[in-house]
Amino acid sequence: MRDTPSAPVPSPPGASPESQFENLRLELRRGCLILAVLAQLRTEQYGYTLRTTLAERGMEIDEGTLYPLLRRLESQGLLQSEWREEAKRSKRFYKLSAAGKLILKQLLTEWKSIGTSLDGIVKG
Amino acid sequence: MTNMTTTTATTLLDNYLKAVGHNLPASQRDDILKELAENIRSQIEDREAHLGRPLTDAEMIDVLKQHGHPLIVAGRYRHDDRSLTLGRRIIGPTLFPFYAKVLSFNLGVTTIITAVVLLTLSVCGLPVTLRSAISALFWQLVIQLAIATLIFAATDRHFAAHPDKWDPWRPYADFSRFFSVPASGNAPESPVRVSRFQSLARFVAAALFLVWLKAITHSARWIFGGAVGAFQVEPIWHRVYLPFELLIFVLTVQAGIEFARPDWVRFSSAVRALAGVTGLAILGVVLNTGHIIAVRDAAATAANLRAAHIFNTWFFLTMLASTVICLLGLLSNLRRLTRDFRKPATPSHPAVPAA
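Here goes a summary of the coordinates provided. (Residues numbered from 1 in each chain as written. Chains lettered and ligands numbered in written order. Predicted model: local features only at pLDDT ≥ 70, side-chain atom pairs only at ≥ 80, totals over all residues. Heavy atoms only, no water.)

1. Quick word on the interface of chain A and chain B
Right, so step 1: On the chain B side, the residues contacting the 21 residues of chain A number 18 residues.
Right, so step 2: Buried surface at the junction of chain A and chain B, both sides included, amounts to about 1800 Å², of which 48% is carbon and sulfur.
Right, so step 3: By the criterion of area lost to chain B, the three top residues of chain A are Tyr48, Arg71 and Arg89 of chain A, representing 34% of everything that side buries.
Right, so step 4: Viewed at the interface, chain B and chain A are joined by 5 salt bridges.
Right, so step 5: Where chain A packs against chain B, one counts 13 residue pairs in polar contact (both at pLDDT 80 or more).
Right, so step 6: The set of elements that each furnish at least two residues to the side of chain A that touches chain B consists of helix H2 (47-56), helix H3 (63-75) and strand S3 (89-96) of chain A.
Right, so step 7: Residue classes in the side of chain A that touches chain B are distributed as 7 nonpolar, 6 polar and 8 charged. (Contact = heavy atoms within 4.5 Å. Buried area = accessible area lost by both parts, 1.4 Å probe. Salt bridge = Lys/Arg side-chain N within 4 Å of Asp/Glu carboxyl O. Polar contact = N/O pair within 3.5 Å; in protein donor to acceptor, adjacent residues only side chain to side chain. Helix = DSSP H or I, 4+ residues; strand = E, 2+ residues; numbered from the N terminus. Nonpolar A, V, L, I, M, F, W, Y, C, P; charged D, E, K, R; others polar.)

Printed below as a string of structure tokens:
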């Protein structure tokens, strides 16, 4: 399942149910991307392996979305990175910063709270 | 199915990275490109290991297309989400920074010119009301705003409708269909260097200037407001107007061609160098005369003569500064042209069918 990098575009009136579902699905997943990236970066990784790991776990993200997102999270102080050699090539490794750990903890609490609330609402 | 040589893969990747790099903030460009290149190389190696053979041309192109159009990718790294929305999106974040740049430049220059003229009239004691000042400025700004918005909105629409229609052999030439220019049979190995957005910005700026020039020639009231009856242009204006208008027209067309065919680097440099020579010749004639505005006989009051003197002094200084800028531009284009012609011819690759 791939995410579309562009901003959510509301379905125009008269859009097909498939297209409406696709837009809403992408919007729903977009909100979870940051959580998934932060959680995965509790272990240090570089861009490409992070993407493949997320994909293996069912959270596929376009390259064009993930790499700029990593930089944005780093500029916000949630990630830290360093260039290091691996297999004779220089790669930029990212990991969660102290501030990122705190935010991740808060986001996970929020995520669980949303899940519980939604469960209750859906079950009626 | 053709397996890709290392050189070919490197060329495709280099062209892609250069296309992305052209639109990245200069302060982060090298770092972003280094990381992007590394991630793409890892992806290629991963695929090759999985397949047990080198990637084919089509598979390599697929990898790059999966990353996205260079302009969109660069836009995401800019983290600039500004866009123009009137009910629905008119100009998206990818094009908006260029739209804002063109508008700020054109509207800024127009406002400064009009403000200087009206201030001079006011200082010389000529009747300048707030209403006439606003009226003089308003339509100039509205027309420029409308034209720039229309051009950028059309480009944005095309871009949004065909995000995948770009050729990784020539990552700048994705708008060739838009301008009905068929893709050439061969793609250059050397990277193209003219930024498509710079060409678009130059095209819009030159087109707007052309419209503005026509408008003020048709109605000098837009510049002089209520004092228009007191002044007239010197004969020198009529001598240089047509060559000057033609020069701006040629520059507009050149920017349009450059936008459609950014790989025509020599053509662009040659036209700009020629335009520089023509521009210098026109400026030489104007500077030799030094006057552009005269007071009509029937309105030859001390205040009007003083206003005309200030206009002409200001005009002379502006033309002098323009001459220096034009000369520097000409030297830069001639240097680029000489350097390009000294380069040996490069081999080419077969073009990739459109997506």
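Don't stop here, the text continues.
2. Quick word on the nonpolar core
Right, so step 1: By size, the foremost hydrophobic cluster in this structure holds 47 residues, and its most contacted members are Val37, Leu70 and Leu79 of chain A together with Val20, Leu36, Ile40 and Leu64 of chain B.
Right, so step 2: Counting residues per element, this core draws most heavily on helix H1 (residues 17-40) of chain A, at 7 residues.
Right, so step 3: The residues contacting Leu64 of chain B, other than those within four sequence positions of it, are Leu12, Leu13, Tyr16, Ile40, Trp166 and Pro168 of chain B. (Core = buried A, V, L, I, M, F, W, Y, C linked by side-chain atoms within 4.5 Å. Buried < 20%, exposed > 50% of the residue type's maximum accessible area, 1.4 Å probe, protein only.)

3. Side note on the sheet that holds S3 of chain A
Residues and elements named next belong to chain A.
Right, so step 1: Reading across the sheet, the 3 strands line up as S1-S3-S2 and stay open at both edges, with antiparallel pairing between neighbours. Looking at strand neighbours, the two that pair on one side only are strand S1 (45-46) and strand S2 (79-86), the edges of this open sheet.
Right, so step 2: Sheet topology places S1 next to S3; 2 bridges connect them, and they run antiparallel. Within the sheet, the bridge partner assigned to Gln45 lies in S3 and is Tyr94. (Pairing = 2+ DSSP bridges.)

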